[in-house]
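# Close look at the chain arrangement
This is what each chain is made of:
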Amino acid sequence: MHYWRDGILALPTTSHYLQLVILWSIPINFLTKSYEFMLSAKKIIKCLDDHWPVLETLVGRSTLGSFSFQDVQALIQRHSPGFSSEQVFREAQRLLHHEVLIPLAKSSQLELNRAVLEFIQFLTQEHQLGTVGDIQSRIEDLDRLRGKLKAAADTKDVSEMRRFIRLMDERVREVVKHFRKNESAIMHLVEKAKADDTKLSLAKRYSAVMEAFDEYIEPVLQMIDINAPFQHSMQALEHQLSELILNIEQTGFLQSEKEPLVQLRTRLLDMNQIGREALIRSTDVLMPLREELRKNTLISRNASALLAHLRKKGLEPTLEQLVPKFSSDHQKFSLGSANQITSYMAELVDFQDEAYQMPEQVDPGDNANIRVPDLAEVLKSARVQKANTDLSKWLAKSYPQLPVDELLFLYQELSRAPTLKLQHLEQYSTLEVNGYRLTLHPFVPTATSGT
Amino acid sequence: MQIELEQLTQLAEIHKKLSTGYHVSEQDFALWQELDTNEEAYSALFTALGNQLKRDSRGYFHFDVDDATVNMGKISRLFALTTYALVEFFADQGQDPLRALFEVEISHEILASILQQQYHLFEQLEVFSATDLKREVMNRMLRYGFAKAQGEHFKLLSPVYRYLDALMAVDQLAEFPGESSTSSFTSNQEQADV
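Residues numbered from 1 in each chain as written. Chains lettered and ligands numbered in written order. Predicted model: local features only at pLDDT ≥ 70, side-chain atom pairs only at ≥ 80, totals over all residues. Heavy atoms only, no water.

### Thoughts on the overall build of chain B
What counts is decided by this rule: Here a strand is any run of E in DSSP of at least two residues, a helix any run of H or I of at least four, and the numbering for each starts at the N terminus. For the exposure calls, accessible area comes from a 1.4 Å probe over protein chains only, and a residue counts as buried if that area is under 20% of its type's maximum, exposed if over 50%, partly exposed in between. Any pair of residues with heavy atoms lying within 4.5 Å of one another is described as a contacting pair. Using a 1.4 Å probe, accessible areas were evaluated by the Shrake-Rupley method; residue-level cover was limited to the displayed protein chains.
Within chain B, the secondary structure is distributed over 10 helices and five strands. Residues classed as buried in chain B amount to 49% of the 194 residues present. Across chain B, contacts joining residues at least 24 apart in sequence account for 60% of those joining residues at least 6 apart. Counting every atom, chain B has about 8,800 Å² of accessible surface; 47% of that belongs to carbon and sulfur.

Laid out in structure tokens, this is it:
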């Protein structure tokens with residue numbers, strides 16, 4: 001929107017609202033015919049919503065002239081290919097019924113309802129340039145109201161004062177609306193002239209722009225010139241409002257009217273500012289064309305078209321698809337960037353399993369499963385079996401699969417056991433256990449224990 | 001193919017720059033020379049590493065990335081907007097925009113002018129002053145190899161062609177149905193009558 005540099009951020013919403021109200025109030029003056037049924041605002045909005053693309057196209061066409069009912073049907077068909085011909089007819093009828101489309105006098109041709117047209121132009125920021133007269137007449141009206149307000153204030157007629165303040169407020173808002181609308185219209189004109197790709201002579205290409213300059217910018221500049229009547233009325237009005245406010249502050253009389261007066265004065269000063277800035281900007285964009293300075297190349301034409309598109313449709317959706325992409329610091333340092341994942345996934349597609357020979361399991365033999373016999377049990381069985389041979393040989397024979405260390409542990413324990421009554425022999429005996437050769441002085445039972 | 005890594009003397013530097021989004025153009029003499037001579041080897045190596053080395057005939061190398069982070073999207077948008085605003089600015093000055101874009105040194109005054117002209121667009125990208133523009137856009141352009149510093153001023157480099165190419169792809173945007181420049185006039189008069 002164009003409310004930047006205003007310095008009044010609170011204003012746009014209210015003025016927007018008012019613009020809508022003004023736009024929608026037009027048909028009442030415009031359509032003097034009386035209709036039996038009420039126009040339903042909600043239904044019209046619904047209509048606009050349902051057929052927005054159709055209406056947008058019609059707005060573009062309406063600058064070329066009227067169109068037929070068949071044209072509308074064809075457009076609806078194009079934007080809703082799924083519709084049957086009956087549905088298309090019904091929808092076209094609906095537009096007509098809600099007076100979005102209006103038949104021309106004594107003709108079967110149609111045109112867009114003026115209010116709808118202006119509303120759509122407002123929404124798409126493709127305003128048509130108004131005339132100086134629009135602004136001039138409001139200013140004159142303000143002058144007239146100033147006199148009335150003064151008279152009402154002098155006679156202390158509160159209700160009249162209130163009415164005039166409200167009217168003046170309305171006029172000021174209208175002037176601001178016109179300034180903004182016309183600025184947007186000039187932008188639109190300039191953009192179209194710049195982006196036009198037909199091979200027109202410069203004079204033709206810029207004809208609309210030239211006319212905008214001569215018919216609007218120049219007169220408005222003259223109007224708001226410091227010595228022109230516009231400035232005088234503005235100053236007089238501001239002076240009068242200030243006096244009234246001062247008077248209220250001093251006397252305390254009409255205190256309730258102070259706030260609207262202050263508001264009006266602020267809006268009036270803003271109006272002046274907005275008008276000047278809008279004009280400066282408009283002149284800035286028109287000048288290069290008027291002076292025929294502007295260089296038209298393919299690139300400059302596209303740049304204009306794109307910037308215009310961005311202005312109307314917003315930055316994000318268009319630039320999003322357009323701008324070149326390049327990687328960032330962030331991407332460099334983040335491991336899981338989509339790029340890397342994509343290439344990883346791509347590699348997965350070609351994945352082929354490869355037979356890998358696992359190393360043979362080393363057979364631990366049965367040793368692992370052997371139960372180490374309980375010492376008490378061994379002792380018992382040694383006593384019961386009256387193993388009166390060499391103790392080590394008896395152990396090796398009774399527990400052939402026992403690991404050597406376990407065997408030696410048992411041997412040692414048994415040798416110390418008092419119940420077995422063993423004696424230590426002088427001579428060596430040798431035995432082989434699980435591949436180990438042991439040489440030891442064997443324990444054998446004493447002669448007495450054997451019997 | 002056999003890649004002799006010993007021969008790619010600038011590999012570390014080149015990879016570091018390209019992978020951070022830098023565009024190597026002819027002004028980076030050593031890197032450019034290196035890439036120019038061993039383009040095939042570098043290209044093969046980077047492809048194996050998952051990056052696509054792209055060479056543009058107008059004199060720059062860059063990595064072709066198809067996924068940019070959100071943040072980069074914003075930076076790239078700013079570059080695009082600035083480039084197009086400059087084209088518009090130069091054209092309005094009566095200069096050939098393409099030539100001026102690469103020949104004219106971009107001063108603070110020029111930045112201030114384009115900011116003023118396209119304020120409502122720059123504003124959407126949170127750029128509110130010429131100083132912002134210099135800091136957010138021009139300094140970044142230096143960092144990504146789209147521009148070089150000339151004292152206090154900037155000069156755009158050939159990688160900017162990436163944005164101009166994108167601009168040439170927008171032809172279809174301008175086509176709004178039923179619109180022509182001559183027609184707006186008749187409707188002015190119509191409206192005046194109302």
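### What about the side chain of Gln231 of chain A?
All names here are of chain A. Within the element layout of this structure, Gln231 appears in helix H11 (residues 229-251). The class of Gln231 is buried, set by a relative accessible area of 5%. In this structure, Gln231 is in contact with Ile224, Asp225, Ile226, Asn272 and Arg276, ignoring residues within four places of it in sequence.

### Quick notes on helix H6 (residues 108-117) of chain B
Here is the rule: Note that the arc is computed from the directions linking the helix axis to the C-beta atoms.
Considered for burial, the residues of H6 of chain B that qualify are Ile110, Leu111, Ile114 and Leu115 of chain B. Viewed along the axis of H6 of chain B, the buried residues span an arc of 135°, placing them on a single side of the element.

### What to know about the pairing of strand E4 (residues 147-150) of chain B
Residues and elements named next belong to chain B. The cut-off we apply is this: Here, any two strands with at least 2 DSSP bridges between them count as paired.
Bridging between E4 and strand E5 (residues 153-156) involves four bridges; their strand directions are antiparallel. Bridge pairing links Ala147 to Leu156 in E5. Hairpin remark: E4 followed by E5, antiparallel, with two residues in the connecting loop; positive phi at Gly151, about 65°.

### A look at the confidence of the model for chain B
The cut-off we apply is this: A residue's pLDDT is simply how confident the predictor is in it, with values from 0 to 100.
Of the residues in chain B, 85% have a pLDDT of 70 or more, and the chain-wide mean is 81. The model gives residues 174-194 of chain B a pLDDT under 50, and that stretch makes 41 contacts with residues more than four places away or in other chains.

### As for the packing of aromatic side chains
Residue and element names in this part refer to chain B. Short version of the rule: Working definition: a ring pair exists when centres of Phe, Tyr or Trp rings (six-membered ring for Trp) sit within 6.5 Å. Plane angles under 30 degrees give stacked, over 60 give edge-to-face, the rest tilted.
Counted according to the given criterion, the structure contains 10 aromatic pairs over all chains. Aromatic pair Phe46 and Phe63: ring centres 5.1 Å apart, planes at 80°, arrangement edge-to-face. Of this pair, Phe46 sits in helix H3 (residues 39-48) while Phe63 sits in strand E3 (residues 60-64), and the two are 17 residues apart along the sequence. Owing to a relative accessible area of 3%, Phe63 belongs among the buried residues under this scheme. Ring geometry for Phe79 and Tyr163: centres 6.3 Å apart, planes at 75°, overall edge-to-face. Separated by 84 residues along the polypeptide, Phe79 in helix H4 (residues 70-92) and Tyr163 in helix H9 (residues 161-168) bring together distant segments of the chain.

### With respect to the confidence of the model for chain A
Regions with low pLDDT should not have their predicted coordinates read in detail. Of the residues in chain A, 82% have a pLDDT of 70 or more, and the chain-wide mean is 77. A low-confidence stretch, residues 1-36 of chain A stays under pLDDT 50, and its non-local contacts, those more than four residues away or across chains, total 53 contacts.

### Some thoughts on unusual backbone geometry
Residue and element names in this part refer to chain A. Even without a glycine there, the phi angle at Glu99 is positive, about 60°. Its place among the elements puts Glu99 in the loop between helix H5 (85-97) and strand E1 (101-103). Residue Glu99 is classed as buried on the basis of its relative accessible area, which comes to 7%. We note that Lys106 has phi near 50°; this positive angle belongs to a residue other than glycine. Along the chain, the position of Lys106 falls in the loop between E1 and strand E2 (110-112).

### With respect to helix H7 (residues 132-154) of chain A
All names here are of chain A. Here is the rule: To estimate how far a helix should reach, multiply one less than its number of residues by 1.5 Å.
The first and last C-alpha atoms of H7 sit 33 Å apart over 23 residues, in line with the 33 Å expected at 1.5 Å per residue. When H7 is considered as a whole, its buried residues turn out to be Val132, Ile135, Ile139, Asp141, Leu142, Leu145, Leu149, Ala152 and Ala153. Tucked inside the fold, the buried residues of H7 contact helix H8 (158-195), helix H10 (207-223), H11 and helix H12 (258-290). In the segment just after H7, Lys156 is the residue with positive phi, at about 55°.

### Quick look at the packing of H7 of chain A against H10 of chain A
Residue and element names in this part refer to chain A. Here is the rule: Lines fitted to C-alpha atoms define the axes, with helix axes restricted to the stretch in contact, and inter-axis angles between N-to-C directions lie between 0 and 180 degrees. For classification, angles of less than 35 degrees are called roughly parallel, those exceeding 145 degrees roughly antiparallel, those between 65 and 115 degrees roughly perpendicular, and all remaining angles oblique. Ten residues, namely Ala, Val, Leu, Ile, Met, Phe, Trp, Tyr, Cys and Pro, are considered nonpolar, four, namely Asp, Glu, Lys and Arg, are considered charged, and the remaining ones, Gly among them, are considered polar.
With their axes 9 Å apart at the nearest point, H7 and H10 run at an angle of 25° to one another. With respect to their mutual orientation, H7 and H10 come out roughly parallel. Side by side, H7 and H10 meet where Val132, Ile135 and Gln136 of the first sit next to Glu215, Tyr216, Pro219, Val220 and Met223 of the second. For the contact of H7 with H10, the class distribution of residues is six nonpolar, one polar and one charged.

### Quick word on the pattern of salt bridges
Residue and element names in this part refer to chain A. Inclusion rule: Counted as salt bridges are all cases of a side-chain nitrogen of Lys or Arg within 4 Å of a carboxyl oxygen of Asp or Glu.
Counting across every chain of the model gives 28 salt bridges over all chains. With a shortest N-O distance of 2.3 Å, Arg171 and Asp141 are connected by a salt bridge. Of this pair, Arg171 sits in helix H8 while Asp141 is found in helix H7, placing the two residues 30 residues apart along the sequence. Of the two residues examined, Arg171 and Asp141, each falls in the buried class. The partner of Asp169 in a salt bridge is Arg173, with the nearest N and O atoms 3.0 Å apart. In this pair, Asp169 and Arg173 are both assigned in helix H8, four residues apart and thus about one turn of the helix distant. The exposure class of Arg173 is buried, given its relative accessible area of 16%. Via salt bridges that share partners, Arg138, Asp141, Arg144, Arg171 and Glu174 belong to a single interconnected network.

### Looking at the side chain of Thr283 of chain A
Residue and element names in this part refer to chain A. Relative to the helices and strands, Thr283 is located in helix H12. The exposure class of Thr283 is buried, given its relative accessible area of 16%. Setting aside its immediate chain neighbours within four residues, Thr283 contacts Phe213 and Ile217.

### Looking at the environment of His153 of chain B
Residue and element names in this part refer to chain B. On the secondary structure map, His153 appears in strand E5. Since its relative accessible area comes to 29%, His153 is described here as partly exposed. Expressed as a C-alpha distance, the spacing of His153 and Ser107, which sit 46 residues apart in the sequence, is 5.0 Å.

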